Amino acid sequence: ARLPLEMGLYEKLVWLDVVGCMLVSPPPVIVQRGCRPVILYLRKLLDSRVTRQVDLNHHALLGVPQDLLEQTGLTRLALRDNALTMLPNAFGGMVHLFTLHLDNNYLTNINPVVAKLTSLTDLSLSYNFLSTVFQDSGLLIKLARLRRLDISHNLLKEFPGEGCWCSELTMLDLSNNRLKTVPLEMHHLTNLSDLNLKDNVIQLPLQDLAEHPDVGVLFEFLRTLTNARGETNPKHVVVATNWLDLSGRPYKLLPVEVCLITSLTVLKLVRYGMEFLMDAVSSLVSLKVLELHDNQLHDLPASARCLTNLQRLSMSRNWLARIPTCIAGMVALQDLHLDGNQLTVVFPELQLLTNLRELNVQANCLRFLPSILTALVKLAVLDASYNQISALPPAVGVMTWLHRLSLKGNFITELPTSLHLMLRGNINTLDVSDNGLKSPPPEVVAHGTDSMLDYLRRIHLAETSAVLDLSDMALSYIPSDVMRFFQIRGIECVGLKRLILDGNEISSLPNYLRAMTTLTHISIKYCNFSKLPHWLGDLNDLVRLDIIGNDISSPPEEIQRRGVQAMVKYMKGIDSAWWTKELDLSGQRFESVPPEVCSVEGLISLKMHSQAFSEVPAEIGNLSALTHLDLQHCSLIELPNAIGRLYTLRELILNNNRLLTLPPSIGTCTALTALRLHENLVEDLPTQIGFLTRMQDLRIYNNNLLELPDEIGRLVWLPALRISANQLDRLVDTLGNMESLTDLLVSDNLLEGFTPQ
């Protein structure tokens, strides 16, 4: 049945007849080739007893020869380019093998007995038809000394993770197979320096990593995934973190291997360069945190709706033009960050996220916030800063469960008064800066959330009570909100009745308040008022005006002491003077001329007789249109030179004062036709009186005149000269020039004789 191996020494043998011998060894395929191949075959087996190596490449063997299997002491065996389809069980007896080459055969699987070859360091199985290798669990773990493993050019669809526990492996060739992925355990091959995974069907981005010249790049990625997944093996036990951070990696695509880690609870893909997310992400059903910010995503796949355990989703700074509709299915979502996108609306389905606690949509293109947000009863933080929102829905006020509401950098000019309801809730931050708000005013906004909500509460209360209390709100002006209380029904004005502005920095009242004729009480205590507006006189129903704590000079203190009605009357007189050009403040007993009197532009007539002031301010000269000035029965001692600027003055009534003389500038009042100086203490008249050539009424009686100036003779149109009860001891000759003079009253003087010329 067998030829002796010693026949391999018959090198000169040229003919061998073994017909009918039923030989087992050499194999029939060799015997058929003739004498010479038989002798070579036997010689190789014979030499192997010494060299312990056998090279049977290119022998077209259909099976492993029995003679070979009996050589259990072999260390090297090469069976390349044969026709082997399987390895016999007896192969496991070759326990001393270091090198085994089975390339280019027809093997479809590997007999598990190979695991008994524990001394194996080099195993080559390329160019076969292997679809699986070492399918029995733990097979490769026993080949602990393996250094080179070549399984290229086969039909492998996967490589077992157990093969990655051959820690001595330095070369692994899996090229030209049908691998779709690689086992995560491969990173344990710490001695591996030569890895070939080319020409497989591995998907991106793992394909790029697999073809990277530095195998460490791939191993670092696999190690990261392994830590997230965890593993249990004979050598290592890694507790799963269920947490995976691939941020900052230029992969652009989510690796399929990640989607196989179904226990993941946290996945971070920040600054990943990703343009779309694959449908396979739906397999991560345990996911609780998904961070996708700083990518280039336009949408999420519809399958992401299956992430029903997701609690936090961050898609900040992507390219979203609308909120992905699949988010409506993420019913456990608590934090949703969509800031830095191009959103224009918030879709209604968002109200289904009833567990939502934080919603961030800042830096988008939103123009309004929908009322459906009120359905999110657990929402604590709402950030809609830096959008294009111009108004808030009144319903937002019922969201008393909010802790923080940020609307910074929008176009909101007015907050709804319904926001005051948040005072009853948990709100601690309301940020509306950089909006150009008019309501509440900037001073209120600057004092924080409580101040704003309190302001809105006061406005809201005033809508029903007609009492607006804005005291102690650090206001520097009356907010425009006051105007909302001005209403006209028919011919009757109805609206605000009480306006309280105590303790603010306000220094003036706006003109539009004059239209609120329903006001009965105004309180401006402890503000910065120096004067009250003249139009207060239009408020006929005003019965109370509290002004203590201010340094008010207008109206004068004398008027203030007389009460509201006196102030209203005074202010009404000043206000009407701007229209009628006539002002009558007679009998008010002012101790000084009120400043506002000299500021009424175009004033024609000013009557201020029976006062207590002793001088007239120089500002009287500002009344350049004045034609009638009545200052009789005051306590005047002198007149200012500015009186000469009243070029249009026709009547100057100064009787019953204490004047000693007139200023020389009186001569410029050339339009004067009447000058009444009687009942004064005048001792002399200025020579400039001669310029008053239009004078027709001059009364100087009951004074202390010692003499008349010669220039008085120029008053040629004067019909009567009343100079009785003075101290004159002579008359000037120029009186004779007064051609129109018909009456000359000179009684009760010191005249001894009078001869008119």
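Coordinates for the structure precede this section.
Residue numbers here run from 1 along each chain, matching the order of that chain's written sequence. Restriction of local features to residues with pLDDT of at least 70 applies here, the model being predicted, together with a cutoff of 80 or more for giving and counting side-chain atom pairs; totals for whole chains, interfaces and linings are based on all residues. Think of the side-chain values as coming from all heavy atoms in the structure, minus any hydrogens and water.

Peer 1: Is there a simple way to think about the pattern of salt bridges in this case?
Peer 2: For side chains bearing opposite charge, pairing can occur when the charged atoms are close. Criterion for a salt bridge: a side-chain nitrogen of Lys or Arg within 4 Å of a carboxyl oxygen of Asp or Glu. This model, assessed by the stated rule, comprises 26 salt bridges. The partner of Arg43 in a salt bridge is Glu11, with the nearest N and O atoms 2.8 Å apart. Of this pair, Arg43 sits in helix H2 (residues 35-51) while Glu11 sits in the segment before helix H1 (28-31); the two residues are 32 residues apart in sequence, bridging distant segments of the chain. Between Arg561 and Glu557 there is a salt bridge; the shortest N-O distance is 3.3 Å. Where helices and strands are cited, they refer to DSSP runs of H or I of at least four residues and of E of at least two residues respectively, numbered from the N terminus.

Peer 1: I tried to follow the sheet that holds strand S16 (residues 381-383) on my own but got confused; where do I start?
Peer 2: Backbone-to-backbone hydrogen bonds pair the strands of a sheet. The strands run either parallel or antiparallel. A pair of strands is considered paired only if DSSP assigns at least 2 bridges between the two. As summarised here, the arrangement of the nine strands in space is S10-S11-S12-S13-S14-S15-S16-S17-S18, forming an open sheet in which the pairing is parallel. Because the sheet does not close on itself, it has two edges, and the strands there are strand S10 (243-245) and strand S18 (429-431). Each strand of the sheet is rotated relative to its neighbour by a mean of 5°, with strand direction disregarded. Both strand S15 (residues 358-360) and S16 contribute to a ladder of three bridges, which runs parallel. Counted as the bridge partner of Glu358 is Val381 from S16. The axes are straight lines fitted to the C-alpha atoms, using for helices just the contacting stretch, and the angles between their N-to-C directions are given from 0 to 180°.

Peer 1: What am I meant to see in the side chain of Asn360 here?
Peer 2: Note on placement: Asn360 falls in strand S15. Exposure categories follow from relative accessible area, calculated using a 1.4 Å probe and restricted to protein chains: below 20% of the type maximum is buried, above 50% is exposed, and the middle band is partly exposed. On the basis of relative accessibility, which here comes to 8%, the residue Asn360 falls in the buried class. If we skip the residues at most four places from it in the chain, Asn360 touches Leu336, His337, Leu338, Asp339 and Asp383. Contacts are residue-level and defined by heavy atoms, with any inter-residue pair within 4.5 Å sufficient.

Peer 1: Any chance you could explain the nonpolar core here in plain terms?
Peer 2: Soluble globular proteins tend to bury their nonpolar side chains together. The biggest cluster of nonpolar side chains holds 229 residues, and the ones touching the most others in it are Phe91, Met186 and Leu313. The element best represented in this core is helix H10 (residues 564-580), accounting for eight residues. Sequence-distant contacts of Leu313, that is, excluding residues within four places in its chain, are made with Leu290, Leu292, Leu300, Ile327, Met330, Leu333, Asp335, Leu336 and His337. Remark: nonpolar core denotes a set of buried residues (Ala, Val, Leu, Ile, Met, Phe, Trp, Tyr, Cys) joined through side-chain atoms within 4.5 Å.

Peer 1: Could you clarify how one ought to interpret the sheet that holds strand S31 (residues 720-722) in this entry?
Peer 2: An order of S25-S26-S27-S28-S29-S30-S31-S32 is seen for the eight strands of this open sheet, with the pairing classed as parallel. The open sheet has two edge strands with one neighbour each: strand S25 (582-584) and strand S32 (743-745). Averaged over all pairs of adjacent strands, the angle between their axes in this sheet comes to 5°, without regard to strand direction. As judged from the three bridges shared by strand S27 (residues 628-630) and strand S28 (residues 651-653), these two strands associate in the parallel manner. Along S28, the bridge assignment pairs Asp630 with Ile653.

Peer 1: Can you help me understand unusual backbone geometry in this one?
Peer 2: Most peptide bonds adopt trans geometry, and most residues besides glycine take a negative phi value. The omega angle of the peptide bond from Ser439 to Pro440 is -5°, so this bond is cis rather than trans. Assignment of secondary structure puts Pro440 in the loop between S18 and helix H7 (442-446). Cis geometry is found at the peptide bond from Ser554 to Pro555, where omega equals 5°. In this structure, Pro555 sits in the loop between strand S24 (544-546) and helix H9 (557-561). Residues other than glycine seldom take positive phi values, yet Asn242 does so here, at roughly 55°. Within the fold, Asn242 resides in the loop between strand S9 (237-238) and S10.

Peer 1: Where do I start with the environment of Gln565 in this structure?
Peer 2: Turning to its location among the elements, Gln565 is positioned in helix H10. For Gln565, a relative accessible area of 51% puts it in the exposed group. Spatially, the C-alpha atom of Gln565 lies 8.1 Å from that of Leu542, the residues being 23 residues apart in sequence. When near neighbours in sequence (up to four residues on either side) are disregarded, Gln565 contacts Leu542 and Val543.

Peer 1: Quick question: what am I supposed to make of the packing of aromatic side chains here?
Peer 2: For any pair of aromatic rings, the description consists of the separation of the ring centres together with the inter-plane angle of the planes. Aromatic rings from Phe, Tyr and Trp, taking only the six-membered ring of Trp, are treated as a pair when their centres fall within 6.5 Å; an angle between ring planes under 30 degrees marks them as stacked, one over 60 as edge-to-face, and anything in between as tilted. According to the stated counting rule, one finds four aromatic pairs in the structure shown. Here the aromatic rings of Tyr106 and Phe129 are separated by 5.8 Å at their centres, their planes lie at 5°, and the arrangement is stacked. Here the residue Tyr106 occupies a position in the loop between strand S3 (99-101) and strand S4 (122-124), and Phe129 occupies one in the loop between S4 and strand S5 (148-150), the gap between them amounting to 23 residues. The exposure class assigned to Phe129 is partly exposed, which follows from its relative accessible area of 40%. Between Tyr570 and Phe590 the ring centres are 5.8 Å apart and the planes differ by 75°, which places this aromatic pair in the edge-to-face class.

Peer 1: When you look at helix H8 (residues 449-465) in this model, what are you seeing that I'm missing?
Peer 2: Since one α-helical turn is 3.6 residues long, residues separated by three or four positions face the same way. Take the residue count of a helix, subtract one, and multiply by 1.5 Å to get its expected span. An ideal rise of 1.5 Å per residue puts 24 Å on 17 residues; H8 measures up with 24 Å between its terminal C-alpha atoms. Within H8, burial applies to Thr449, Ser451, Met452, Leu453, Asp454, Tyr455, Leu456, Arg458, Ile459 and Ala462. Considering only its buried residues, H8 is in contact with S18, H7 and strand S19 (467-469). Trailing H8 by a residue or two, Ala466 shows a phi angle of about 65°, which is positive.

Peer 1: What is the right way to look at the layout of surface pockets in this model?
Peer 2: Any empty space left between the atoms is revealed when a probe the size of a water molecule rolls over them. Taken as a whole, the largest pocket spans an internal volume of roughly 300 Å³. Here the term cavity refers to a set of points on a 1 Å grid, laid over the protein atoms alone, in which a 1.4 Å probe fits but cannot get out; the term pocket refers to an open set having protein on both sides within 12 Å along at least five of seven lines, with lining residues being those that place an atom within 4 Å of a point. Along the wall of the largest pocket there are 14 residues; nearest its centre are Thr181, Val182, Pro183, Leu184 and Leu260. Grid points are joined across faces, edges and corners, and a volume is the space filled by probe spheres set on the points.

Peer 1: I tried to follow empty space enclosed by the protein on my own but got confused; where do I start?
Peer 2: As enumerated under the stated definition, the model contains one cavity of 30 Å³ or more in all. What the largest cavity holds in volume is close to 40 Å³. For the largest cavity, the full set of lining residues is Leu369, Pro370, Ser371, Leu373, Thr374, Leu382, Pro393, Ala395, Val396 and Met399. Considered class by class, the residues forming the lining of the largest cavity number eight nonpolar, two polar and no charged. Note on residue classes: Ala, Val, Leu, Ile, Met, Phe, Trp, Tyr, Cys and Pro are nonpolar, Asp, Glu, Lys and Arg are charged, and everything else, Gly too, is polar.

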